[in-house]
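Residue strings, one per chain:
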Amino acid sequence: MIFDIKGKIALISGGASGIGLRYAKELLKNGLRGVTLADVNNDYGEKAVEEIQNEFGPNKVVFVQTDVINRQSYEEAFKKTIEAFKNIDIVINNAGILNDATWEKEIAINVKGVVHGILLALENYIPKHKTGSEGVIVNISSIAGIKEFPTIPIYAGTKFAVMGMTKSFGDEAHYNRTKVKVLAMCPGITDTPLISEMGGRNLGPAYQQLLVDEIGNLPSQKPESVALAMVKIIKNAKSGTVWVAENGQDPYEFILPSRESFAPK
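Attention in this report is confined to the structure presented alongside it. Keep in mind it's a predicted model, so treat the numbers as computed, not measured.

**Some remarks on the pattern of salt bridges**
Scanning all chains against the criterion turns up 10 salt bridges. Where Lys 232 meets Asp 250, a salt bridge forms, and the shortest distance between an N and an O atom there is 2.5 Å. In this pair, Lys 232 is assigned in helix 9 (residues 223-236) and Asp 250 in the loop between strand 7 (242-245) and strand 8 (252-254), connecting sequence segments 18 residues apart. Its relative accessible area of 36% is what places Lys 232 among the partly exposed residues.

In structure tokens form, the structure reads like this:
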């Protein structure tokens, strides 16, 4: 069954700039009724609201300054969404950083922040306030969440965690009781500050050299193509599935083999 974006309400963490803001605009182009941008950066938030209002008109967007590490702060974004739009149907757990040099903060944002977003959305707000019969959560992983990346091993670990949580929370047992699809998006190398400012955000010189050798050989893409992929998976993907968007191509499903398939025959 295709999920109809038209008339729905979305909340996007890390939504005030970069790919997060592209997700918001692409969803609005597809008939989204309103969107909450939950972001720690107030300046970016104010600018993003102005951009969306200029492009899509009034009453389409609210900004809530949000620290996803803090559950109460993240929940405030959910509460403000209900106050503004009465409903919430789509949550994109997009907030994340790539910086192994500050790995404690990286783990807190990339893992703890996503846990907060999933639990708030799945166990409370979407089931109670969804517009239609079904809701959607999309967790942003990475191609570093489905393949080893020696230059950024801790970041890769956080994104593997996102994939594991998505497949577990997205299991049929949870969907049947909540009617909320839980999906993961794994973007490839994308032209954003997350990638362009990677230099030095690692565990030292040996890792920096690996960065030069590793990242330079991967195809890049524009944020717009990732946003188009987001719309496609929200509409069509089954709960618990993981999708890769890279090289500007259509998203494709990453299927984790069962462990039993490797067992001795």
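**Thoughts on the pairing of strand 5 (residues 135-140)**
Residues in a regular strand point their side chains to alternate faces of the sheet. With six of six residues buried, strand 5 lies mostly within the body of the structure. Burial along strand 5 is two-sided: Gly 135, Ile 137 and Asn 139 facing one way and Val 136, Val 138 and Ile 140 facing the other are all buried. As judged from the four bridges shared by strand 4 (residues 90-93) and strand 5, these two strands associate in the parallel manner. Paired with Asn 93 across the strands is Asn 139, a residue of strand 5.

**Section: the sheet that holds strand 6 (residues 180-187)**
Strand order in the open sheet formed by eight strands is 3-2-1-4-5-6-7-8, with mixed pairing between adjacent strands. Of all strands in the sheet, those bounded by a partner on one side alone are strand 3 (61-65) and strand 8. In this sheet, neighbouring strand axes are inclined to one another by 25 degrees on average, regardless of whether the strands run parallel or antiparallel. Summarising the sheet, strand 6 and strand 7 pair through four bridges and their orientation is parallel. Its bridge partner being in strand 7, Ala 184 is matched across the sheet by Val 242. Relative to the sheet, helix 4 (residues 103-129) contacts strand 4, strand 5 and strand 6, its axis offset from that of strand 5 by approximately 180 degrees. Along the sheet, helix 9 contacts strand 4, strand 5, strand 6 and strand 7; its crossing angle with strand 6, the most-contacted strand, is approximately 155 degrees.

Rules of the game
- Residues numbered from 1 in each chain as written.
- Predicted model: local features only at pLDDT ≥ 70, side-chain atom pairs only at ≥ 80, totals over all residues.
- Heavy atoms only, no water.
- Salt bridge = Lys/Arg side-chain N within 4 Å of Asp/Glu carboxyl O.
- Helix = DSSP H or I, 4+ residues; strand = E, 2+ residues; numbered from the N terminus.
- Buried < 20%, exposed > 50% of the residue type's maximum accessible area, 1.4 Å probe, protein only.
- Pairing = 2+ DSSP bridges.
- Axes fitted to C-alpha atoms, helices over the stretch in contact; angles between N-to-C directions.
- Contact = heavy atoms within 4.5 Å.

Fair warning: the whole summary comes from geometry, so function is off the table for now.
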